[in-house]
Amino acid sequence: MNGTVRNASLLVLAATLLSSPRAHASGGCDPLPFGSFVYSQEPAFGFCPELGAVYRAQIALKDGACPAEFILEMSVLEEGTRGVDPCLDLHSVVDCVKETVLPPRVLTDVEVSDLFSTSTAAWGLIRDEPDPNCEAIDPCVVQVFDWGGIRASDGPCDTARLPLEGVEILTDLLERLRRGPLAAENGDTNGDGARDLSDAVYLLDWLFRGGPRPVGTRSSLCPDCPPEHLVTVQNGDSNGDGARDLSDAVYLLSWLFLAGSEPVPACSCSRP
Ligand SMILES: [Ca+2]
Ligand SMILES: [Ca+2]
């Protein structure tokens, strides 16, 4: 197949992908394991020393989306730097909290899977027993963990409690969601760890239909390269020309299906 015919056929393929319903990317509307996830700790009860940050997160199924889309809304509260006030002081805590509100975004399929398995693990740790220390305010106890409509706790004195181990599981998950998915290779635009047709669809969806932008790439890919020699490209810039456009989707498809060149590395070192 000569180059002209090959590129024309790839453009036809790209146009076909664009004209297909978005459900194409994930294969339809399968039954879902859960519809919402709410996790919240209140800094008014102080910071758990083992955690260092407090998360408020709500993940909810977007109405009518097919395939299902989960929207993450999150804010992270960390101790500020006001003097040496201990933020565990109930009366001063509000003054020394720094809140970062993240813009809402759609979770990737991999993140949803991670959310489900991690929530299940945490759920298994719920202690359904009265708390003998309920008069003490314990910042290491989750305040609200509402998963699929099942409420684990309304407060530190509720009868269902999540021990610190479970809180750590959930905060590790939320920290991963806070950072967002990261790809190890250029072209893994949806960040699921593989480069395949779904990444071309994902890129086209972002370029032309307002879908989510390609995930970033891991910053540790070129650990030994001095910054002045570091050459990086944005994830999805398959041909490495500095722009992300239709030609990159074609380039990726060409590599996947027509033995074209592999997408340029996400980072390389120009050092001789
Ligand atoms: Ca991928
Ligand atoms: Ca490009």
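Residues numbered from 1 in each chain as written. Chains lettered and ligands numbered in written order. Predicted model: local features only at pLDDT ≥ 70, side-chain atom pairs only at ≥ 80, totals over all residues.

Peer 1: I'm lost on helix H4 (residues 197-209) in this one. Help?
Peer 2: Between its first and last C-alpha, H4 extends 17 Å over 13 residues, near the 18 Å set by a 1.5 Å rise per residue. Considered for burial, the residues of H4 that qualify are Ser-198, Asp-199, Ala-200, Val-201, Tyr-202, Leu-203, Leu-204 and Asp-205. Looking at the residues trailing H4, positive phi occurs at Gly-210, about 75°. (Helix = DSSP H or I, 4+ residues; strand = E, 2+ residues; numbered from the N terminus. Expected span 1.5 Å × (residues − 1). Buried ≥ 20, exposed ≤ 12 C-beta atoms within 10 Å, placed from the backbone.)

Peer 1: Is there a simple way to think about helix H2 (residues 109-123) in this case?
Peer 2: An α-helical segment advances 3.6 residues per turn. Residues three or four places apart therefore align on the same side. Compared with an ideal rise of 1.5 Å per residue, which puts 15 residues at 21 Å, H2 spans 21 Å between its outermost C-alpha atoms and is within 8% of the ideal. Restricting attention to buried positions, one finds in H2 the residues Glu-111, Val-112, Leu-115, Ser-119 and Ala-122. Along the long axis of H2, the arc covered by the buried residues comes to 100°, so they all point the same way. Relative to its buried face, H2 has exposed residues pointing more than 90 degrees away, namely Ser-117 and Thr-120. (Arc of directions from axis to C-beta.)

Peer 1: It is not clear to me how the environment of Thr-171 should be interpreted in this structure. Could you clarify?
Peer 2: Here Thr-171 shows up in helix H3 (residues 164-179). Classification of Thr-171 as buried rests on a count of 24 C-beta atoms within 10 Å. Here the alpha-carbon distance between Thr-171 and Tyr-39, two residues 132 residues apart in the chain, equals 9.3 Å.

Peer 1: Help me understand the environment of Thr-189, please; the structure alone is not making it clear to me.
Peer 2: Following the sequence through the fold, Thr-189 ends up in the loop between strand E9 (182-183) and H4. For Thr-189, a count of 29 C-beta atoms within 10 Å corresponds to the buried category. Placed 12 residues apart in sequence, Thr-189 and Val-201 show a C-alpha to C-alpha distance of 9.2 Å. Setting aside its immediate chain neighbours within four residues, Thr-189 contacts Asp-199, Tyr-202, Leu-203, Pro-214, Val-215, Asn-235 and Gly-236. (Contact = placed C-beta atoms within 7 Å.)

Peer 1: Teacher, can you tell me more about the packing of H2 against H3 here?
Peer 2: What describes two packed helices is the angle between their axes and the distance between those same axes. Put simply, H2 and H3 touch, their axes get as near as 9 Å, and they point 170° apart. Relative to H3, H2 is oriented roughly antiparallel. Residues Glu-111, Asp-114, Leu-115, Thr-118, Ala-121 and Ala-122 of H2 form the contact with H3, whose participating residues are Gly-166, Ile-169, Leu-170, Leu-173, Arg-176 and Leu-177. Taken together, the residues that form the contact of H2 with H3 break down as 7 nonpolar, 2 polar and 3 charged. (Axes fitted to C-alpha atoms, helices over the stretch in contact; angles between N-to-C directions. Parallel < 35°, antiparallel > 145°, perpendicular 65-115°, else oblique. Nonpolar A, V, L, I, M, F, W, Y, C, P; charged D, E, K, R; others polar.)

Peer 1: Explanation requested: unusual backbone geometry in the structure shown.
Peer 2: Phi is positive for Ala-259, which is not a glycine, with a value near 60°. Mapped onto the secondary structure, Ala-259 falls in the loop between helix H5 (246-257) and strand E12 (267-269).

Peer 1: Before we go on, may I ask you to explain the confidence of the model for the protein chain in this structure?
Peer 2: Low-pLDDT stretches of the model should not have their predicted coordinates read in fine detail. Per-residue pLDDT for the protein chain averages 74, and the proportion of residues at 70 or more is 66%. Per-element mean pLDDT across the protein chain ranges from 51 in strand E7 (residues 150-151) up to 96 in H5. Confidence over residues 23-27 falls short of pLDDT 50; this stretch has 11 contacts with residues more than four positions distant or in other chains. Below pLDDT 50 for its whole length, residues 82-94 participates in 18 contacts with residues either more than four positions away or in separate chains. (pLDDT = per-residue confidence, 0-100.)

Peer 1: Looking at this structure, how should I read the nonpolar core?
Peer 2: One broad rule of soluble globular proteins: the nonpolar side chains tend to lie buried together. If you look at the biggest cluster of nonpolar residues, it comprises 18 residues, and the most contacted ones within it are Ile-59 and Leu-174. Within the residue set of this core, elements represented by two or more residues are strand E1 (36-40), strand E2 (53-61), strand E3 (70-79), H2 and H3. Among the elements that take part in this core, H3 stands out by supplying 5 residues, more than any other. Membership of the second largest hydrophobic core comes to 13 residues, among which are Tyr-202, Leu-204, Tyr-251 and Leu-252. (Core = buried A, V, L, I, M, F, W, Y, C linked by C-beta atoms within 7 Å.)

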